[in-house]
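# Inside the fold
Next come the chains, spelled out residue by residue.
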Amino acid sequence: MMEKKIHEECGVFGVFSPRSCDVASLVYYGLFALQHRGQESAGIVVNEDGVFSWHKDVGLVNAVFDQQKLESLGMGSMAIGHVRYGTTGAGGRANAQPIVINHLKGGLAVAHNGNLTNSYDLRFALEEQGSIFHSTSDTEVIAYVITKERLKTGSIEDAVSAAMNSIQGAYSLVIMSPSKIIAARDPHGFRPLCYGMTEDGTYVVASESCALDAVGAVKVREIEPGEILVFTKDGIVSRTEHCKKVRKSFCVFEYLYFSRPDSEIDGCSVHDARRRAGSFLAESFPIDADIVMGVPDSGLDAALGYSQRSGIPYGIGLIKSKYVGRTFISPTQKTRESLVRLKLNVIPSVVKGKKVILVDDSIVRGTTIGRIVRILRDGGAKEVHVLSSAPAFKNPCYYGVDIDSREKLIACKYSVDEIARIIGADSLGFLPVEQAKRLSGTDGADFCLACFDGAYPTEIPKNLGKSCFERKISENPKFQKKDE
């Protein structure tokens, strides 16, 4: 059962070196910096003269890889890696990435962040043509579509270009062929992707700039929506001619929650965007209080912004344990409640007798924030006023955020005042959607806010969900066939 609110998506990382070296370790450090984006599984594929070596498994990066496993991957001039939280397909080793395929023209490895909106139809079309799938991830669909095009084209970049005319939805890809690294981003630019370079001329591609910093690479720029970047021994080639121009629809929740605060996206610091959200909350919800606190970790920057704008002192009243696993994986309700207290504990001397403003990054189901409010009251807080630095979630996301049903969203069932009573808060406020559009310092024309306002930038898929590939074919009449 899900207990923590919104789950991260995935993180991708790639390295192209001018010489054979320990690229596996570079990818390891990059994935470690992207661990916040996915904690289900991790994987690395190393390329040495067209021969792929890989290892992937369930668990955190430092659990999947030790020194012996990294050394077993050998030296190479290219490598890609992935950390996963799946939004299509169940967890488990079979769905760990990168996906590796061997075909007539060589090897192919694919790492993907995002979620396709037409993966259901694509997969069944491929299966009807004889493709055999080994996972229930939409990334394998992408790999097969690229492979199919590669058999008809003269280069891997031509194959990726052709594939982008078929696949729809959110995808930031790092792809490795025997001689090239390809970085590609969907035309809407839902998910972040950037590249940089180290002092020795090694190119690095990553979901976030914080991963470039981790390996000593200097960020060059973002990969543009709809762009294909080809990294070879001769340099970099950019291709955009294949893509139709559509409105950029960057996921606003990357700024609010997913990305690390030390990352920079499209020239905007994630830390500054979250602090700006807190400032907007102070404008919209002036509250008579003694202290402003944030829920660690992604609520802290917004709480600081509220404090700076309102003049109410900022305080640290909740301590987060770094060693407690995610609460949603606990098997029983009683254990989950205990883990919330193990994960977050109050400092009574900070909150006792105080009117507290508590800023969280989002409120989805209301269960976790309700327990945090209760912890603060047990610690002696006189009042607890809860503010969300995100607007109220009212719609499913089809582009990589793990919300596939309105039934799970508390804001779809109750009014703001009712939610406040349910979670035990004295008052509750959500960041207004119009202010969310201004988080990057612009008017927000480039943001996707569909989970808040229902304005989807693409056609809404009919057959989609985290377990859509686990369902029986018989559930979909389109694919029903009588046995001969």
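Just so it is clear, the structure is predicted and the values come from calculations on it, not from any experiment. (Residues numbered from 1 in each chain as written. Predicted model: local features only at pLDDT ≥ 70, side-chain atom pairs only at ≥ 80, totals over all residues. Heavy atoms only, no water.)

### What about the overall build of the chain?
Helix and strand counts for the chain come out as 16 helices and 23 strands. For the chain, with 484 residues in total, the buried portion stands at 61%. As displayed, the chain offers around 19400 Å² of accessible surface, 51% of which is attributable to carbon and sulfur atoms. (Helix = DSSP H or I, 4+ residues; strand = E, 2+ residues; numbered from the N terminus. Buried < 20%, exposed > 50% of the residue type's maximum accessible area, 1.4 Å probe, protein only. Areas by Shrake-Rupley, 256 points an atom, 1.4 Å probe, with all protein chains shown as cover.)

### Side note on the pairing of strand 8 (residues 181–185)
Where burial is concerned, most of strand 8 is hidden: 5 out of the 5 residues are buried. Residues I181, A183 and R185 point to one face of strand 8 and I182 and A184 to the other, with burial holding for every one of them. The antiparallel hairpin formed by strand 7 (residues 169–176) and strand 8 contains 4 residues in its connecting segment. For strand 8 and strand 12 (residues 228–232), the ladder comprises 4 bridges, and the chain directions are antiparallel. Paired with I181 across the two strands is F231, which belongs to strand 12. (Pairing = 2+ DSSP bridges.)

### A closer look at the sheet that holds strand 7
On the basis of which strands lie adjacent, the open sheet formed by 6 strands has the order 5-6-7-8-12-13 and antiparallel pairing. A strand with exactly one partner marks an edge of an open sheet, and here the two such strands are strand 5 (99–103) and strand 13 (235–239). Neighbour to neighbour, the strand axes of the sheet diverge by 20° on average, direction disregarded. Here strand 6 (residues 106–116) runs beside strand 7; their pairing, made up of 8 bridges, is antiparallel. (Axes fitted to C-alpha atoms, helices over the stretch in contact; angles between N-to-C directions.)

### As for the side chain of Q35
Of note, Q35 is situated in the loop between helix 1 (23–33) and strand 2 (41–48). One polar contact links the side chain of Q35 to the main-chain carbonyl oxygen of G38, over a distance of 2.7 Å. Ignoring any residue separated from it by four or fewer positions in sequence, one finds Q35 in contact with L60, V61 and V83. (Polar contact = N/O pair within 3.5 Å; in protein donor to acceptor, adjacent residues only side chain to side chain. Contact = heavy atoms within 4.5 Å.)

### Points about the packing of aromatic side chains
For the structure on display, the rule yields 16 aromatic pairs. Relative to Y29, the ring of Y28 has its centre 5.6 Å away and its plane inclined at 70°; by these criteria the two rings are edge-to-face. Taking the relative accessible area as the measure of exposure, Y28 reaches 14% and is therefore buried. Relative accessible area serves as the criterion here: at 46%, Y29 is assigned to the partly exposed category. Aromatic rings pair up to connect F253, Y257, F258, F393 and F452 into one cluster. (Phe/Tyr/Trp six-rings, centres within 6.5 Å; stacked < 30°, edge-to-face > 60°.)

### Side note on the packing of helix 4 (residues 119–128) against helix 5 (residues 138–150)
Running from amino to carboxyl end, helix 4 crosses helix 5 at an angle of 55°, the nearest separation of the two axes being 10 Å. In this view, helix 4 runs oblique relative to helix 5, as classed from their interaxial angle. In terms of crossing hand, the pair formed by helix 4 and helix 5 is left-handed. Along its contact with helix 4, which presents S119, L122, R123 and L126, the element helix 5 presents D138, V141, Y144, V145 and K148. Taken together, the residues of the contact of helix 4 with helix 5 sort by class into 5 nonpolar, 1 polar and 3 charged. (Parallel < 35°, antiparallel > 145°, perpendicular 65-115°, else oblique. Left-handed = near helix turned anticlockwise from the far one by under 90°. Nonpolar A, V, L, I, M, F, W, Y, C, P; charged D, E, K, R; others polar.)

### A look at the confidence of the model for the chain
Taken over all residues, the pLDDT of the chain has a mean of 89, while the share at 70 or more is 88%. Ignoring residues within four places in sequence, the model shows residues 1–5, a span with pLDDT below 50, making 23 contacts including any to other chains. Residue range residues 478–484 is modelled with pLDDT below 50. Its contacts to residues more than four positions away, or to other chains, number 8 contacts. (pLDDT = per-residue confidence, 0-100.)

### Let's talk about the environment of P187
Within the secondary structure layout, P187 lies in the loop between strand 8 and strand 9 (194–197). Remark: the alpha-carbon pair of P187 and A170, spanning 17 residues in sequence, is separated by 8.6 Å. With residues up to four places along the chain from it excluded, the contact list for P187 reads Y171, P225, G226, C243, K244 and V246.

### Looking at the nonpolar core
With 47 residues, the main nonpolar core has F253, Y306, I357, L439 and F452 as its most contacted residues. For this core, the secondary-structure elements that each account for two or more residues are strand 14 (250–251), helix 8 (253–258), helix 9 (270–284), helix 10 (300–310), strand 20 (355–360), strand 23 (447–448) and helix 16 (450–453). Sorting elements by how many residues they give to this core places helix 9 first, with 6 residues. Among residues more than four places away in sequence, those in contact with I357 are I287, A289, I291, V292, M293, Y306, I312, H385 and L387. (Core = buried A, V, L, I, M, F, W, Y, C linked by side-chain atoms within 4.5 Å.)

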